[in-house]
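Structure at a glance
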Amino acid sequence: MSSDARQITVPQFTAMKQSGRKITMLTAYDYPTAGLLDSTGIEGILVGDSLSMVVQGHSSTLPVTLDEMIYHAEMVGRAVRHALVVVDMPFPSFHLGVHKAIENAGRILKQTQCQAVKIEGGMEQAEVIAALVTAGIPVMGHIGLRPQSIHQLGGYRVQSDQQQLLADAQAAEQAGAFSIVLECIPAEVAVRVTQSISIPTIGIGAGPGCDGQILVVNDLLGLTPGRVPRHVRAYADLKNTIAQAVTRYRDEVRQGTFPGKEQTFQ
Ligand code: KIV
């Protein structure tokens, strides 16, 4: 993957803000999905720690481990030829001092063929961001709703403290972050944050004024069981498509019509 000259680099990704072209990102957690997403020409793929909930079935992003993130990032890294691939640093892999953070982020870059890491936090993580960047590890920040701090925040709620959000975004930029995710913040605050920094903002539940957008791929494809957050638009209904296909298969096996002549060797 990383030797492909057409792959988007971190500086190219950052420069997209100046060009005014919206940046499109999605999450991916495995080889076939990452390959399919990449073939559409989206600019970024995130191996999100949302895999804890979406793939592993946990009720928060806290349980997923660094080894598990690396396992999935290896699959994604093998598939992607074009998009910039960012890997979430899971809780608490960047809270154990800057040396440990460099060691953990270094493992991600060495083992996965992915190009950057994402860490949740702005101002309070500025020292860690700066240390990783000094070590040559590109960092995407993540402010607003930070699911790894769900117990402290008291729930998955919109975060609207404009002063704090501006300070977080500016601290992340000054520390060297190449881009920042804005999760679940009011649209007008997202516009102000976006205008106040020179690196791209990637919104999820942050309105249309960000430099780019990201969604959890399972939400976009209609694969998420139960209620999805308000900021999601499902572009397909794969849950029902899959259930219908499996039901047809089950019925045809029971009826003896699968396998048919075409699927049978003489
Ligand atoms: O883990 C994730 O999927 C994320 C996105 C929601 C930005 O952090």
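For the structure, check the block above.
Residues numbered from 1 in each chain as written. Predicted model: local features only at pLDDT ≥ 70, side-chain atom pairs only at ≥ 80, totals over all residues. Heavy atoms only, no water.

So, about the pairing of strand 6 (residues 179-183). Most of strand 6 is tucked away: 5 of the 5 residues are buried. Burial along strand 6 is two-sided: the residues Ser-179, Val-181 and Glu-183 and Ile-180 and Leu-182 are all buried. Sheet analysis places strand 5 (residues 139-144) next to strand 6, joined by 5 bridges and oriented parallel. In the strand pairing of strand 6, Gly-144 is matched with Glu-183. (Buried < 20%, exposed > 50% of the residue type's maximum accessible area, 1.4 Å probe, protein only. Helix = DSSP H or I, 4+ residues; strand = E, 2+ residues; numbered from the N terminus. Pairing = 2+ DSSP bridges.)

We now examine the packing of helix 6 (residues 126-134) against helix 8 (residues 162-175). Close contact between helix 6 and helix 8 brings their axes to 8 Å; oriented N to C, the two are set at 25°. As summarised for this structure, helix 6 and helix 8 are arranged roughly parallel, according to the angle between their axes. Remark: the crossing between helix 6 and helix 8 carries right-handed chirality. Of helix 8, the residues touching helix 6 (which contributes Ala-126, Ile-129, Ala-130 and Val-133) are Ala-171, Ala-172 and Ala-175. When its residues are assigned to classes, the contact of helix 6 with helix 8 shows 7 nonpolar, no polar and no charged. (Axes fitted to C-alpha atoms, helices over the stretch in contact; angles between N-to-C directions. Parallel < 35°, antiparallel > 145°, perpendicular 65-115°, else oblique. Left-handed = near helix turned anticlockwise from the far one by under 90°. Contact = heavy atoms within 4.5 Å. Nonpolar A, V, L, I, M, F, W, Y, C, P; charged D, E, K, R; others polar.)

Strand order around the closed barrel formed by 8 strands is 1-2-3-4-5-6-7-8, with parallel pairing between neighbours. Strand-to-strand twist across the sheet, computed as the mean angle between neighbouring axes with direction ignored, equals 25°. Summarising the sheet, strand 3 (residues 84-88) and strand 4 (residues 116-118) pair through 3 bridges and their orientation is parallel. Its bridge partner being in strand 4, Val-87 is matched across the sheet by Val-117.

Turning our attention to the site of the ligand. Every residue near the ligand is listed here: Thr-27, Leu-46, Gly-48, Asp-49, Ser-50, Asp-88, Lys-118, His-142, Val-181, Ile-204, Ile-214 and Val-216. Relative to its free-state accessible area of 260 Å², the ligand is covered by the protein chains to the extent of 95%. Broken down by class, the residue content of the shell around the ligand amounts to 5 nonpolar, 4 polar and 3 charged. (Near = heavy atom within 4 Å. Areas by Shrake-Rupley, 256 points an atom, 1.4 Å probe, with all protein chains shown as cover.)

This brings us to the packing of aromatic side chains. Taken as a whole, this structure holds 2 aromatic pairs when the rule is applied. Note on Phe-13 and Phe-178: the rings are 5.8 Å apart at their centroids and 80° apart in plane angle, and the pair reads as edge-to-face. Remark: Phe-178 occurs in the loop between helix 8 and strand 6 and Phe-13 occurs in helix 1 (residues 10-19); sequence separation between them is 165 residues. Judged by its relative accessible area of 0%, Phe-13 is buried. (Phe/Tyr/Trp six-rings, centres within 6.5 Å; stacked < 30°, edge-to-face > 60°.)

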